[in-house]
Amino acid sequence: MGCGTSVATETQGKIVEPDDTAKTPCPALTMKAAVLIQRWYRRYMARLEMRRRYTWNIFQSIEYAGEQDQLQLSSFFSFMLDNFTQLNENGPDLISQLLDPVVDPWLGRETGYNLIPVPESYSGPRLSFPLSVSDTNSLLGAFKEQQTLHARYVLQLLYETKKLLKQMPNITHLSTSYTNEITICGDLHGRLDDLLLIFYKNGLPSAETPYVFNGDFVDRGKKSVEVVILLLVYLLLYPDYMHLNRGNHEDHIMNLRYGFTREVMQKYKTHGREILQLFQDVFSLLPIATVIDGKILIVHGGISDQTDLDFLSSIERHKVKSALRFPRRSLEKLDIDQSQRQMKRGRSTASSRPSSSCSHSKNQRTPNQRKRRCGQRRQDMPFLDSLSSVAPPLPLQHDLEWKQIVDILWSDPKTQEGCSPNIFRGGGCYFGPDVTQRLLTRHGLQLLIRSHECKQEGYELCHGGKVITIFSASNYYEEGSNRGAYIKVGRELVPRFYQYQVSHTTRKLTLTQRVRVAEGSALKALKEKLFSHRSELLSGLQQYDHKNTGNVSVSDWAQVFESVLRLDLPWRTLRPHLARLAPDGSVEYKSCFEDMESGIPLPQVTPNMAETLFRYRTDIEIIFNIIDKDHSGLISIEEFRHTWHLFSAHLGVDIDDRAVDDLARKNKDQQLNEKMDGDKYS
């Protein structure tokens with residue numbers, strides 16, 4: 001039996017020869033089957049691609065929304081500087097030291113690190129300066145073995161790096177005539193495995209293998225300290241062949257939200273404060289651009305229609321400690337100008353400028369709408385697209401320097417012509433192909449290489465191939481979500497792309513399984529977003545539910561979700577994952593919140609308080625960590641009450657005093673002398 005057998009079969013005493021026609025299917029049927037299979041496969045792959053794309057959109061939209069929240073938090077820091085009363089009498093509060101740091105005499109001594117003993121029991125790597133190849137090799141081996149470099153060596157490394165960076169120009173000029181190829185890497189974000197894989201595939205930094213790392217070395221990943229230490233070590237060892245550009249995450253305020261500050265304090269509990277202050281200095285001294293052969297410009301974010309490389313070459317870059325800190329003098333002028341305009345206009349709100357887009361009646365807007373749309377209140381941080389939203393007639397030199405750096409670090413390309421505020425990310429601008437072409441022509445350039453955005457393949461070309469985005473952190477959102485990549489440029493100045501993906505489990509999964517894992521993670525993050533805006537969503541949906549049936553049309557449901565969350569997502573496509581349909585085709589909108597939990601334990605408080613705690617959990621954790629001067633994880637009840645009242649007043653969150661006091665009392669630890677465990681609010 002089987003295919004192709006010629007054995008006769010006996011049926012009812014008769015010998016029946018197999019029918020030859022049965023062995024050869026009809027060509028028409030074969031073609032029809034092939035077409036059906038092909039059609040099914042194409043539909044299957046199209047659905048899979050659709051899922052992959054909306055998963056990507058969810059991840060990216062939530063990431064950018066988080067950056068907008070960071071700008072809001074930065075404005076709250078400024079607000080607290082004006083309103084935070086001194087609760088202790090032991091010198092300036094830490095918030096003032098963080099935003100306007102006071103010089104520590106200990107840090108001013110070049111040999112201060114020598115005062116820190118290295119115990120004999122320390123088994124980690126030891127560095128000797130000036131550094132040698134053996135030092136870098138031992139450090140690589142130690143980091144692979146999960147060892148930590150001693151604080152004494154970290155401080156000395158930062159001191160030496162600071163001295164070197166002070167001698168470097170704002171824009172580094174490189175030439176391919178001295179080397180075969182230059183390797184350009186994008187964001188790493190604390191992914192040590194990606195950095196080690198790049199070194200393994202491409203070679204360690206050396207005179208034969210020069211590198212340009214284009215910013216965002218830290219934050220988000222768990223090995224930011226190790227990544228930035230390795231980069232700085234190779235910078236000291238090969239200052240002519242290792243080049244570092246500053247990214248928007250080389251910023252001490254960004255580090256508060258995205259993990260680098262916490263990581264340093266966890267790994268260096270005793271000397272963490274000194275290390276962080278030195279990192280702040282080092283980050284502000286990093287060059288802001290690199291030019292290869294006078295033809296290729298490399299910046300972290302992008303450009304604007306006002307970017308001037310000649311002006312950038314002359315600024316004092318170290319003065320911009322944080323791009324999130326709007327120049328103080330500009331804020332004062334903004335306040336004066338707005339007061340004068342308000343006196344002239346009375347209570348009129350008719351204006352098309354972003355600085356006047358916020359209503360004078362803040363009670364008519366939700367906190368989320370005020371946060372997204374009203375970036376120009378005095379206590380709020382204006383969009384980091386520059387001073388164009390304020391347009392002072394005679395900008396001060398420091399303001400111009402700040403604006404140029406913000407545009408370089410925060411901007412993104414777009415397909416449309418022109419230059420407009422990057423309201424989706426909240427900082428920098430969107431620049432079109434015409435803006436790119438003008439800058440390239442003005443400075444005799446051919447190509448702009450930038451990073452700043454995660455791409456599924458690790459790189460992307462736009463503006464007719466004149467702009468390249470390179471991103472080197474693979475698995476950025478989720479395991480298998482994206483590849484990493486780097487670029488190699490030789491004397492012909494033709495970029496060549498190299499892709500990779502660090503993977504411990506992805507290779508064992510099929511494409512469908514990888515998409516399913518990423519989709520599940522994205523939908524979980526989105527549902528957490530829904531939970532944090534539950535009251536606003538229900539309020540908006542109920543406005544369309546005139547008969548109080550619990551149902552609204554799909555279009556109304558999608559409109560409310562976008563107006564509240566402002567994530568620019570395909571809500572109709574996502575609806576099956578978020579809400580049920582009623583028999584008449586309408587959406588049962590309350591089903592969006594059934595069995596929805598934040599996944600994070602919250603104190604037993606009123607629903608409004610719980611929602612507020614969850615929505616602003618990251619911001620609250622950051623603020624409490626700042627107030628916690630000794631990093632014990634404890635703050636006083638009085639500090640908690642005062643900070644929460646300021647925070648709720650600043651954001652317009654309606655939480656009464658009784659709810660705050662109840663929350664404080666429920667978390668009061670009697671055994672720690674009325675101290676509050678700040679970790680319970682994160």
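In the block above lies the structure referred to throughout.
Residues numbered from 1 in each chain as written. Predicted model: local features only at pLDDT ≥ 70, side-chain atom pairs only at ≥ 80, totals over all residues. Heavy atoms only, no water.

Trainee: How should I be thinking about unusual backbone geometry in this particular structure?
Mentor: In the segment running from Phe129 into Pro130, the intervening peptide bond is cis, with an omega of 0°. Residue placement: Pro130 occurs in the loop between helix 4 (105–108) and helix 5 (133–144). (Helix = DSSP H or I, 4+ residues; strand = E, 2+ residues; numbered from the N terminus.)

Trainee: What exactly am I supposed to notice about the packing of helix 5 against helix 8 (residues 224–237) here?
Mentor: Each pair of packed helices gets described by two things: the angle between the helix axes and the distance between those axes. One can describe the packing of helix 5 onto helix 8 by two numbers: an axis separation of 10 Å at closest approach and a directional angle of 170°. The orientation of helix 5 relative to helix 8 falls into the category roughly antiparallel. Residues Val133, Thr136, Leu139, Leu140 and Phe143 of helix 5 form the contact with helix 8, whose own contacting residues are Glu226, Ile229, Leu230, Val233, Tyr234 and Leu237. For the contact of helix 5 with helix 8, the class distribution of residues is nine nonpolar, one polar and one charged. (Axes fitted to C-alpha atoms, helices over the stretch in contact; angles between N-to-C directions. Parallel < 35°, antiparallel > 145°, perpendicular 65-115°, else oblique. Contact = heavy atoms within 4.5 Å. Nonpolar A, V, L, I, M, F, W, Y, C, P; charged D, E, K, R; others polar.)

Trainee: Is there a simple way to explain the environment of Glu250 in this structure?
Mentor: Turning to its location among the elements, Glu250 is positioned in the loop between strand 6 (242–244) and helix 9 (252–258). A sequence separation of 34 residues divides Glu250 from Asp216, and the C-alpha atoms of the two residues are 6.2 Å apart. Not counting the four nearest positions on each side in its chain, Glu250 is found in contact with Gly215, Asp216, Phe217, Val218, Asn245, Phe283 and Leu286.

Trainee: How should the side chain of Glu519 be read in this particular structure?
Mentor: Mapped onto the elements, Glu519 comes out in helix 17 (residues 511–532). Accessibility expressed as a relative area gives 7% for Glu519, which makes it buried. Once residues within four sequence positions are removed from consideration, Glu519 is found in contact with Arg51, Tyr54, Thr55 and His577. (Buried < 20%, exposed > 50% of the residue type's maximum accessible area, 1.4 Å probe, protein only.)

Trainee: Hey, could you run me through the packing of helix 6 (residues 151–166) against helix 8 in this one?
Mentor: Direction vectors running N to C along helix 6 and helix 8 enclose 50°, while the axes themselves pass 10 Å from each other. With respect to each other, helix 6 and helix 8 are oriented oblique. You can see that helix 6 and helix 8 cross each other, and the crossing is left-handed. Note on element contacts: helix 8 touches helix 6 through Ile229, Leu232, Val233, Leu235 and Leu236, opposite Val154, Leu157, Leu158, Glu160, Thr161, Leu164 and Leu165. Residues belonging to the contact of helix 6 with helix 8 are distributed by class as follows: 10 nonpolar, one polar and one charged. (Left-handed = near helix turned anticlockwise from the far one by under 90°.)

Trainee: It is not clear to me how the pairing of strand 7 (residues 289–292) should be interpreted in this structure. Could you clarify?
Mentor: Taken residue by residue, a regular strand's side chains alternate between the two faces of the sheet. Across the two faces of strand 7 the burial is the same, with Ala289 and Val291 and Thr290 and Ile292 all buried. Two strands pair when backbone bridges link them, and strand 3 (residues 171–174) and strand 7 are joined in this way by four bridges, in the parallel orientation. Within strand 7, the position partnered with His173 by the bridge is Val291. Where strand 7 lies against strand 8 (residues 296–298), three bridges are found, and the strand directions are antiparallel. Across the sheet, the residue bridging to Val291 is Leu297, located in strand 8. Where strand 7 folds back on strand 8, the antiparallel hairpin that results is connected by three residues, among which Asp293 adopts a positive phi of roughly 55°. (Pairing = 2+ DSSP bridges.)

Trainee: Would you explain helix 7 (residues 192–202) in this entry?
Mentor: Count 3.6 residues to each turn of an α-helix, and residues three or four apart come out pointing the same way. The set of residues buried in helix 7 consists of Leu192, Asp194, Leu195, Leu196, Ile198, Phe199 and Asn202. Against the buried residues of helix 7 lie helix 5, strand 4 (181–185), strand 5 (211–213), helix 8, strand 15 (484–490) and strand 16 (496–500). Positioned one or two residues after helix 7, Gly203 has a phi angle of 105°, which is positive.

Trainee: I keep staring at the sheet that holds strand 19 (residues 587–588) and nothing clicks. Help me out?
Mentor: The strand order 17-19-18 describes an open sheet built from three strands, whose pairing is antiparallel. Strands at the two margins of the open sheet, each flanked by one partner only, are strand 17 (551–552) and strand 18 (580–581).

Trainee: Looking at this structure, I do not really get the packing of aromatic side chains. What am I missing?
Mentor: Two descriptors summarise a pair of aromatic rings, namely the distance from one centre to the other and the angle between the planes of the rings. Taken as a whole, this structure holds 20 aromatic pairs when the rule is applied. Considering the side-chain rings of Phe199 and Tyr211, the 5.7 Å spacing of their centres and the 75° angle between planes classify their relative orientation as edge-to-face. Of the two residues, Phe199 is situated in helix 7 and Tyr211 in strand 5; the sequence distance between them amounts to 12 residues. Here Phe199 and Tyr211 have matching classes, each one buried. Ring geometry for Trp557 against Phe561: centres 4.4 Å apart, planes inclined by 35°, an arrangement best described as tilted. Residue Trp557 and its partner Phe561 are located together in helix 19 (residues 554–565), separated by four residues, close to a single helical turn. Residue classification places Trp557 among the buried positions, given a relative accessible area of 0%. Here the guanidinium or amino end of Lys488 rests over the ring plane of Tyr498, the centre of that ring lying 5.9 Å away. Here the guanidinium or amino end of Arg534 rests over the ring plane of Phe593, the centre of that ring lying 5.6 Å away. (Phe/Tyr/Trp six-rings, centres within 6.5 Å; stacked < 30°, edge-to-face > 60°. Lys NZ or Arg CZ within 6 Å of the ring centre and 35° of its normal.)

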